[in-house]
Structure formats: structure tokens, C-alpha cells
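So the chains spell out like this:
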Amino acid sequence: MRARLYGGLRTGKRRYVGMMVDKVGGRLGVPDGVMRGIAVAMTLMLPFFLLRGRAISDGFMTGIAVLFLLHCVRVRDRGWWRGWPVFALAFWGCAILSSVMHGTGHAVAEAFVLGRFLLFCVALERWVLRDGAARRWLGGAVTLAALWLVVECWQQYLLGTNLWGYPRWVDGALTGPFYKPRAGAALLMVVFPGLMVFAVRWLEAPAWRTRLAGVGLIMFLTLTMILIGQRMPALLFGLGLVVMAVLIRRLRWPVLAAGLVGAVGLALLPVLSPPAYAKLVVRFMDQMQHFSDSAYGQIYIRAGVMLEDHPWLGVGVDGFRNACADPVYVRDLVLFGRTFASRGVAVGCNIHPHNIYLDVATTAGLVGLGCFLAMVACWLWRMIRALSPVQAPQQAMLCVTACVMLWPLASSSALFTARTAGWIFLMVGWGLAASADIAGESRGDRRS
């Protein structure tokens, strides 16, 4: 039976207005174009809510995932899971199984809802951002978010407080638009696709003034990240500059110039910002010299011991948080013939292991970690293979962002949270969509 309902009346017309409610085979639904429009709107607002509204951003990602599943049912798309989603689903299954074996009912429920992040990423790649127009709008939103962060950081540096009246953090770090020192990590997520993309475009211009502006922008962003005063974001930003220089030959001299600016900035940091110098240089060097005894080192040792006891499937979602104080895991770790000493229960205990790969390993074991690594390899291979910096600089900057976010030798926030997972899967889904449509990306660049 096929019928159209409007205002309680039945009509045989194929097109209709009003509430646009379908009844096809006894099922009610919204037209696919309307569903995609809603998903695009939520995606465009997502960067701002990832900065200042985690619960809303989580709702948006969940909504996009659900709408994508409804779309697949309506158009009978059974091939969305092929490719990297195979590894994502395998990892998800390992996390659920491990949580059932080791966790509480709450942990099992959390493991089940992890799938929303994976489906969200697939939805961006295959449906929401399939055309260049949607990606250009998202690029504009990310640029606005990046500008907001940079302006608030400089306002706080020059005037002493941000827009809400908050001063620097007690250790000297600039907080930007936040109360706590989160500006560095947030800016790292958006700086390459939101601002650095303009430097790439300007450096391709024939006019020397435009190219000089591109070099100046790279230097300015480098100085901004140093003045923010957060160690890991500054180091990962430097890694991003190196990746840019490796992937894009034309950027090598500008990146070298930015490196010199960074070195001069560090040398002048005792004058420009003594608290930032104490944190970025003095404390960092001391922590590296005694890393295994530091808080991060002790957390990594505790995660390694858990993985040693549960190598195949780990301890499930939230397993590290729930078990890190268990005396059975408070012991030395022997790795490659070297002993790393545990310094007690409290110093090695935290709500997460502070590294995304240790987070995955403690959640789903080495099997789940292998699936996750295979998924990451598929992502990076797709993006690197599609690189065309001159024609599609946005896609190139998304590739750089993915390399930075997924760098293994870094401390990080908990992976399975709305903010961390949101940024990772947003940028990866966007990058994969752009990699699948370099022609559309190129058309957008010529118009901009």
C-alpha cells in the first residue's frame, strides 16, 4: 500500500507540502533530504558545542548517527560497513565483550553506546559531508571557532582577562575563552583546517605580498601556541608543522622560519611570560629526566600491568578507572628487560590512562588495539593517497590534523568522551569525505 497523508486527507500525488509525512509500506518517516539537512545543521554547530557544550555535542553526534541509520534503512544501503568500518565494528565488539567479562552493568551499557562515535564518523564520510558545499560551510564554522580561540588568548595575554573576566591559570597558562587551561588542546584541533589552510593558499599565490602574509600567519600561530603555555599542545603543534613540511614541499622554508620564531619565542619566554617558561621548559625538562617516577609515568606503568594481566581483551570500558587502585595491579612493570618501579597506589591511579592507545588497549586488549590500529591505518592511507595540496589544501590540513591527533607518543584526555572522540571523529569523517571528493574540494578552493 502506498499513500500520502496530509492534514488527515489521503491523496495520490507524489509531491506534497505541509508536514511531509510519508507512509510507505506501513512505516512513517521524514524525507531523506530533510533528514540530511538536519544532520548538516547539527554538524555545522558541532565545533562550537565541542568547545562549550559537551552534552549538546554528544546529543548532536548521537542524532546524526541515528539519522544515518534511518537513511540506510530507507535507501537500503547495506554497504556502509565495508572498508575501515569493519575494523571499527570489530573493536566495538571487543570492547563490549571485555566489559561483559570484567565490568558492571554500567560499563556494559557504556560499551554499547560507544558505537555512536563510529557511526557518526561513517555518516560524515558517506552522507552528511558528501558534497563540497557542506564541507565548505563546515570549514567556515571551524575557522570561526579557531579565530575565537586565538582572539580570546591574545585578549587574556594583553589585557589580563578573557571575555568572562577570567585571568590566566595559576601556572601561567592562557585559558582563552575557558576557565581552565584548555585553550591549547582546543586550538590544536581547529588550527590546521581552520586557519593554517589560509597560509597554504596564500603561499601558492603569485603576488609576493600574499605569500609573505602566509609566512607571517604561520609565525603568528606558532607564537600564539607558545604563549598559551601548554606543553603537549605546543609539542603536537610543532609535530603538525613538521608533517606539513614533509607533505607539502612549498611549506618547508616557511615552516623553518616558523621554527626559528618558535626558538626565539622560547628564548624570550622568561621575559614574555615567566610562568609559561617555568611550565614549558623547566618543568618539562625535569619531568623528562624522571619520567617513570612522574604522575604520567606511573599511570602508564599501571596501565601496562593491567594489560600484562589481561592481554587479549583488556578490562573493559572504565576498567582502568575502576581497577587502578586494586592492589593486584600495584606492582613493578618489566618491559624489554627493564624494570619500571611502581611508587604506590595513589600516584598511578586516575580516571583514564592519558594516552588514546593505552585507553584502547586497557578497554579492549591487544585484539581490540589491533583492530583500532588497522582502522587508523585505513584512515591515514586514504587521506595521504588523496593528497593534492595545491588543488585541495583543506583536505591536506585535515590529513595533518589526523596525524597530530593520532600520534601515539602523547598524553591525551580520555578517548571515549564527547570532547575527545568528538574532535577525532569529526575531523576524520570530514577528511575522509574530502579525500573521496577531491574534485569537489578543488572547485571550492577556486571559488574562495
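Right, let's walk through the structure included here.

Scoring rules and cut-offs
- For every chain, the first residue of its written sequence is number 1, and the numbers climb from 1 along that sequence.
- The model is predicted, so local features are restricted to residues of pLDDT at least 70 and side-chain atom pairs to those at 80 or more, both for listing and for counting; the totals for chains, interfaces and linings are taken over all residues.
- Where side-chain values are given, they derive from all heavy atoms of the structure, hydrogens and water being excluded.
- The way it works is that DSSP assigns letters per residue, a run of H or I at least four long becomes a helix, a run of E at least two long becomes a strand, and they are numbered from the N terminus.
- Think of it in three bands: with a 1.4 Å probe and only protein chains considered, a residue is buried below 20% of the maximum accessible area for its type, exposed above 50%, and partly exposed in between.
- Residues count as neighbours in contact if any of their non-hydrogen atoms are within 4.5 Å of one another.
- Note that accessible areas follow from Shrake-Rupley with a 1.4 Å probe, and for residues the cover is restricted to the protein chains shown.
- We treat Lys and Arg as the positive residues and Asp and Glu as the negative residues; His and chain ends play no part in the count.
- For the purpose of locating charges, the reference atoms are NZ of Lys, CZ of Arg, CG of Asp and CD of Glu.
- A side-chain nitrogen of Lys or Arg and a carboxyl oxygen of Asp or Glu constitute a salt bridge if their distance falls within 4 Å.
- We call a pair of cysteine sulfur atoms a disulfide whenever their separation is within 2.5 Å.
- By definition, no residue in a patch forms a salt bridge, and every one has over 30% relative accessible area; like charges are joined within 9 Å, nonpolar side chains (Val, Leu, Ile, Met, Phe, Trp, Tyr) within 5 Å.
- Grouping buried Ala, Val, Leu, Ile, Met, Phe, Trp, Tyr and Cys residues that are joined through side-chain atoms within 4.5 Å yields what is termed a nonpolar core.
- Axis lines are fitted to C-alpha atoms, over the contacting stretch for helices. Their N-to-C directions set the angle, which ranges from 0 to 180 degrees.
- The cut-offs work like this: below 35 degrees is roughly parallel, past 145 is roughly antiparallel, 65 to 115 is roughly perpendicular, and the gaps in between are oblique.
- Note that Gly is not counted as nonpolar here; it falls among the polar residues with everything else outside the nonpolar set of Ala, Val, Leu, Ile, Met, Phe, Trp, Tyr, Cys and Pro and the charged set of Asp, Glu, Lys and Arg.
- Crossings are sorted by hand: turned counterclockwise from the far helix by less than a right angle, the near helix makes the crossing left-handed, and turned clockwise it makes it right-handed.

Per the secondary structure count, the protein includes 17 helices and 6 strands. Its C-alpha atoms give the protein principal-axis dimensions of roughly 75 × 65 × 45 Å. Out of the 448 residues belonging to the protein, those deemed buried represent 51%. Expressed as a percentage of contacts within the protein between residues at least 6 apart in sequence, the contacts between residues at least 24 apart total 70%. As displayed, the protein has an accessible area near 20,700 Å², and 67% of this comes from carbon and sulfur atoms. Within the protein, one finds 43 positive and 21 negative side-chain charges whose respective centroids are separated by 11 Å.

Of note, Ser342 is situated in the loop between strand E6 (338-340) and helix H14 (356-385). Exposure remark for Ser342: the relative accessible area of 17% places this residue in the buried category. Look past the residues within four positions of Ser342 in its chain and what remains in contact with it is Gln298, Arg302, Val330, Arg331 and Asp332.

For the rest of this paragraph, the subject is the pattern of salt bridges. Evaluation of the coordinates by the stated rule reveals 9 salt bridges. A salt bridge links Arg331 to Glu308; the nearest nitrogen and oxygen atoms lie 3.2 Å apart. Residue Arg331 is found in the loop between helix H13 (319-323) and strand E5 (333-335), and its partner Glu308 is found in helix H12 (residues 295-309); the two are separated by 23 residues along the sequence. Residue Arg331 is classed as partly exposed on the basis of its relative accessible area, which comes to 28%. Looking at Glu308, the relative accessible area reads 42%, which means it is partly exposed. Through salt bridges with shared partners, a single network forms among Glu308, Asp309 and Arg331.

Mapped onto the elements, Leu272 comes out in helix H10 (residues 252-272). Counting along the chain gives 17 residues from Leu272 to Val255, while the straight-line C-alpha distance between them is 22 Å. Not counting chain neighbours up to four residues away, the residues in contact with Leu272 comprise Tyr157, Leu227 and Gly265.

Moving on: the state of the cysteines. In this structure the tally under the stated criterion is 1 disulfide. Put simply, Cys324 and Cys349 are joined by a disulfide, and their sulfur atoms are 1.8 Å apart. Between Cys324 and Cys349, the S-S torsion sits near 60 degrees, and that sign places the bridge as right-handed. Note that Cys324 is positioned in the loop between H13 and E5 and Cys349 in the loop between E6 and H14, a separation of 25 residues in sequence. By relative accessible area, Cys324 is classed as buried at 1%. Cys349 sits in the partly exposed class, given a relative accessible area of 25%. Looking at Cys121, it has no disulfide partner, and the nearest cysteine sulfur is the one in Cys378, 12 Å off. Under the relative-accessibility criterion, Cys121 is labelled buried at 0%.

A surface patch of nonpolar side chains, about 310 Å² in accessible area, is lined by Trp81, Val86, Phe87 and Leu89. Position of Val86 among the secondary structure elements: in helix H3 (residues 84-102).

A cluster of like positive charges, contributed by Arg52, Arg54, Lys180 and Arg182, occupies part of the molecular surface. Assignment of secondary structure puts Arg182 in the loop between helix H6 (132-159) and helix H7 (183-203). Classification of Arg182 as partly exposed rests on a relative accessible area of 35%.

A separate point is unusual backbone geometry. Note: most residues except glycine have negative phi, and most peptide bonds are trans. With phi around 55 degrees, Arg76 is a residue other than glycine that occupies positive phi space. If you trace the backbone, Arg76 turns up in the loop between helix H2 (54-75) and H3. Here the phi dihedral of His354 falls at roughly 65 degrees; this positive angle occurs in a residue that is not glycine. Summarising the element assignment, His354 is placed in the loop between E6 and H14. Residue class for His354 comes out buried when judged on its relative accessible area of 15%.

With that settled, the discussion passes to the environment of Phe91. Within the secondary structure, Phe91 is located in helix H3. Here Phe91 falls in the buried class, since its relative accessible area comes to 4%. What Phe91 contacts, discounting residues up to four positions off in sequence, is Val360, Ala364, Gly368, Cys371, Phe372 and Phe416.

Further remarks concern the nonpolar core. If you look at soluble globular proteins, the nonpolar side chains tend to sit buried side by side. Counting residues in each nonpolar core, the largest one holds 121 residues, and the members touching the most others are Val128, Val190, Phe192, Met196, Phe237, Trp379 and Met397. Examining the composition of this core, we find that 14 residues originate from one element, H7, more than from any other. Contact partners of Phe237, with chain neighbours within four places excluded, come to Leu188, Val191, Phe192, Met196, Leu221, Thr222 and Met225. In terms of nonpolar packing, the next biggest core, distinct from the first, is built from 13 residues, Ile299, Val305, Ala323 and Leu358 among them.

Here we come to the packing of H3 against helix H5 (residues 115-128). The N-to-C vectors of H3 and H5 enclose an angle of 170 degrees; their axes lie 10 Å apart at closest approach. The angle between the axes of H3 and H5 places the two elements in the roughly antiparallel class. Of H5, the residues touching H3 (which contributes Trp84, Pro85, Ala88 and Trp92) are Gly115, Leu118, Cys121, Val122 and Glu125. Of the residues belonging to the contact of H3 with H5, the class tally is 7 nonpolar, 1 polar and 1 charged.

Right, let's talk about the packing of helix H15 (residues 393-405) against helix H16 (residues 418-436) for a bit. It is the contact of H15 with H16, at a shortest axis distance of 9 Å, that shows an interaxial angle of 145 degrees. Judged by the sense of rotation from one axis to the other, the crossing of H15 with H16 is left-handed. Along its contact with H15, which presents Gln394, Gln395, Leu398, Thr401 and Met405, the element H16 presents Trp423, Ile424, Met427, Val428, Trp430, Gly431, Ala434 and Ser435. For the contact of H15 with H16, the residue count by class is 8 nonpolar, 5 polar and no charged.

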